[in-house]
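If you want the building blocks of each chain, they are given just below.
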Amino acid sequence: MTAELIFVGTELLLGNILNTNAKYLSEQFASLGIDCYYQTVVGDNAGRLKETFLNAWNRSDIVILSGGLGPTEDDLTKETVSEALDIPLVFDSEAMNRIRELFAKRSEEAPASNEKQAYVPKGCKVLYNENGTAPGVIIEKNDKIAILLPGPERELVPMFEESVKGYLKDISDSVIVSRCVKMCGISESIVGEKIKDLTQNGGNPTVATYAGCGEVHIRITAKAATEKDAGKLIKPIVRELKNRFGAYIYTTDNDVTLEKAVVDLLLANHLTVSTVESCTGGLVAGRLINVPGVSEVLKLCYVTYSNKAKRKLLGIKKGVLEKHTAVSREVCEEMLKGAMLINKADVVVSVTGLAGPDGGTEEKPVGLVYLGCSVKGKITVEKHYFSGNRAKIRESAVAYSLILLRRCILEYFSEVELNFIP
């Protein structure tokens, strides 16, 4: 079976609202074993919506539409789909009673415009809305299915969970399961070369890569009758990836982030950590603080953005700053030493650089960043050139600080050499 998603609303086209429903519904259909090959966003225009729907109806078994079920003139989804399928709209008294009850709870009378929402396609299955006024509907015609859901996430998600998921499970004969192998400190191109034999087989499971900031994820996706059977197909691929990439893999758990892996590593080795940041302004600490339980390992965090702060808080000599400037290997190392002296953390991470857009020179351009890490006194300092705007440079500096932190801990305790592969 194939499904297609249509998201209705001019506000989506204009970027006024983030389309979180697309992510949620895509994940749901994948878990249900229903292939989804197309997604479309269309504005509140009856002609374009009808054309979009009919294209989807002709090529897919299931068409899901989100949005356009409200009480206003530009809410056209139900009317347009009914017209396209030549199904009349009929009044549903239960839907109207529920709308009136919802307004009554607010000590209000339902406006006349809301009566529009109580009309549903004749013969459909009505999905009554416990969290809003717009009912959803399931239409079955010519061995195909159209499912209309409200646009607000707070209404769509519970309606799908309570009324749609079970319905789709009953008509699906398989599941799709994905597992993510996450790596850091190695480039997507290198990874791609090393797994070319796995990505080009075109079989089941499929293997694909995608890159984030400082990370490469390999997604293994299998289709089978049950989750257990899909897991059996995925397991040998994961094992092979571990053999090929070793310590570059920081997790094979879909839900584990890089910062979570770093905190787990600190906890496992009974290490405390401190951060001392200049151009990132506390963002490294912020990533670590995303992880519940980090209070067990995180000590003091310093933001020493100005030279004055570097002198006052970290004890860096004025002469060192004047001779080498704040963006230098020497100052990055002095930041580590100053933080170690103050709080005695086992591990310290330091960052100093030029995030721009101004302040760069030919010798020290915008994007130059020094990252430092000390594990029980063993110091490592790296020089990086990051591209992009100010936000992107800072984001990259944070990601590679976490990568350096992880690598230094691994090398200290296991003597595994894990050199960065550009």
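Summary of the structure given here. (Residues numbered from 1 in each chain as written. Predicted model: local features only at pLDDT ≥ 70, side-chain atom pairs only at ≥ 80, totals over all residues. Heavy atoms only, no water.)

### Brief notes about the environment of Leu-354
Going by this rule: Per the convention used, a helix needs a DSSP run of H or I reaching at least four residues, while a strand needs a run of E reaching at least two, with both numbered from the N terminus. Residue contacts follow a heavy-atom distance rule, with two residues in contact if any of their heavy atoms lie within 4.5 Å.
Tracing the backbone through its elements, the reader meets Leu-354 in the loop between strand 15 (347–353) and strand 16 (368–375). As a C-alpha pair, Leu-354 and Pro-365 span 11 residues in sequence and 7.3 Å in three-dimensional space. Residues within four places of Leu-354 in sequence aside, it is in contact with Val-327, Gly-359, Gly-360, Lys-364, Pro-365, Val-366, Gly-367, Leu-368 and Ile-393.

### With respect to the nonpolar core
The following threshold applies: Put simply, buried Ala, Val, Leu, Ile, Met, Phe, Trp, Tyr and Cys residues joined by side-chain atoms within 4.5 Å make one nonpolar core. When accessible area is computed with a 1.4 Å probe and restricted to protein chains, residues below 20% of their type maximum are described as buried, those above 50% as exposed, and intermediate ones as partly exposed.
Ranked by internal contacts, the top residues of the largest apolar core, which has 39 residues, are Leu-266, Val-347 and Leu-405. Every element with two or more residues in this core is listed here: helix 10 (258–268), helix 11 (283–289), strand 15, strand 16 and helix 15 (390–414). Leaving out residues up to four positions away in the same chain, Leu-405 has contacts with Val-262, Val-273, Val-347, Val-349 and Cys-373. Grouped together as the second largest cluster of nonpolar side chains are 23 residues, Leu-12, Ala-22, Ile-145 and Tyr-167 included.

### Points about the packing of aromatic side chains
Each aromatic ring pair is characterised by the separation of its centres together with the angle its planes make. So the rule is basically this: Pairs were defined over the aromatic rings of Phe, Tyr and Trp, the Trp ring being its six-membered one, requiring ring centres within 6.5 Å. Orientation was assigned from the angle between planes: stacked under 30 degrees, edge-to-face over 60, tilted for the rest. Charge-over-ring contacts are defined here by two conditions on Lys NZ or Arg CZ: a distance within 6 Å of the ring centre and an angle within 35 degrees of the ring normal.
Taken as a whole and judged by the stated rule, the model has 6 aromatic pairs. Seen in terms of ring centroids, Tyr-24 and Phe-160 are 5.8 Å apart; in terms of plane orientation they differ by 85 degrees. Their pairing is edge-to-face. A residue pair is termed long-range when its members are at least 10 positions apart, and Tyr-24 in helix 2 (residues 20–31) and Phe-160 in helix 6 (residues 153–171) qualify at 136 residues. On the basis of relative accessible area, Tyr-24 is assigned to the buried category, the value being 12%. A residue is classified by how much of its surface remains accessible, and Phe-160, at 1% relative accessible area, is buried. Ring pairing ties together the aromatic residues Tyr-24, Phe-29 and Phe-160, which thus form one cluster. For the cation-ring pair, Arg-59 lies above Tyr-38, with the distance from its terminal atom to the ring centre recorded as 3.8 Å. It is Arg-106 that lies over the ring of Phe-103; its NZ or CZ is 5.1 Å from the centre.

### Quick look at helix 3 (residues 46–59)
Formally: A helix is expected to reach a length of 1.5 Å times the quantity of its residues less one. In this description, one arc is meant: the one made by directions from the helix axis to the C-beta atoms. For the purposes of these results, a polar contact is taken to be a pair of N or O atoms within 3.5 Å, where, inside protein, one atom must be able to donate a hydrogen and its partner to accept one; residues adjacent in sequence count only when each atom of the pair is a side-chain atom.
In this model helix 3 runs 20 Å from its N-terminal to its C-terminal C-alpha over 14 residues, within 8% of the 20 Å that 1.5 Å per residue would give. When we look at burial in helix 3, the residues that qualify are Leu-49, Thr-52, Phe-53, Ala-56 and Trp-57. Seen along its axis, helix 3 keeps its buried residues to an arc of 130 degrees; they face one direction. For helix 3, the exposed residues lying more than 90 degrees away from the buried face are Arg-48, Glu-51 and Asn-58. Where the residues of helix 3 are buried, they touch strand 1 (2–8), strand 2 (35–42), strand 3 (62–66), helix 4 (77–84), strand 7 (136–141) and strand 8 (144–149). Capping of helix 3 at its N-terminal end is provided by Asn-45; its side-chain oxygen lies 3.1 Å from the backbone amide nitrogen of Gly-47.

### Side note on the pairing of strand 10 (residues 206–211)
Convention followed: Two strands qualify as a pair provided DSSP detects at least 2 bridges between them.
Across 6 bridges, the pairing between strand 10 and strand 11 (residues 215–224) is antiparallel. Bridging across to strand 11, Thr-209 finds its partner in Ile-218. Remark: 3 residues form the turn of the hairpin made by strand 10 and strand 11, two consecutive strands paired antiparallel; Gly-214 in that turn has positive phi of roughly 80 degrees.

### Looking at the packing of helix 12 (residues 307–314) against helix 14 (residues 329–343)
Rules: Axis geometry follows a simple rule: fit a line to the C-alpha atoms, using only the stretch in contact for helices, then measure angles between N-to-C directions, giving values from 0 to 180 degrees. Three residue categories are used. Nonpolar comprises Ala, Val, Leu, Ile, Met, Phe, Trp, Tyr, Cys and Pro, charged comprises Asp, Glu, Lys and Arg, and polar comprises the others, including Gly.
Put simply, helix 12 and helix 14 touch, their axes get as near as 9 Å, and they point 35 degrees apart. Residue-level contacts link Lys-310, Leu-313 and Leu-314 of helix 12 to Val-331, Met-335, Gly-338, Ala-339 and Ile-342 of helix 14. Of the residues contributing to the contact of helix 12 with helix 14, the split by class is 6 nonpolar, 1 polar and 1 charged.

### With respect to unusual backbone geometry
Pro-205 follows Asn-204 through a cis peptide bond whose omega is 15 degrees. Inspection of the secondary structure assignment puts Pro-205 in the loop between helix 8 (196–199) and strand 10. With omega at 5 degrees, the peptide bond leading from Gly-356 into Pro-357 counts as cis. Take Pro-357: it is sitting in the loop between strand 15 and strand 16.

### Points about the sheet that holds strand 10
Spatial strand order, 10-11-9-12: 4 strands in an open sheet with antiparallel pairing. One side of each edge strand has no neighbouring strand; the edge strands of this open sheet are strand 10 and strand 12 (249–251). Here the average twist between neighbouring strands, direction ignored, is 30 degrees. Pairing geometry for strand 9 (residues 175–184) and strand 11, over 10 bridges, is antiparallel. The partner of Val-175 across the bridge, within strand 11, is Ala-224.

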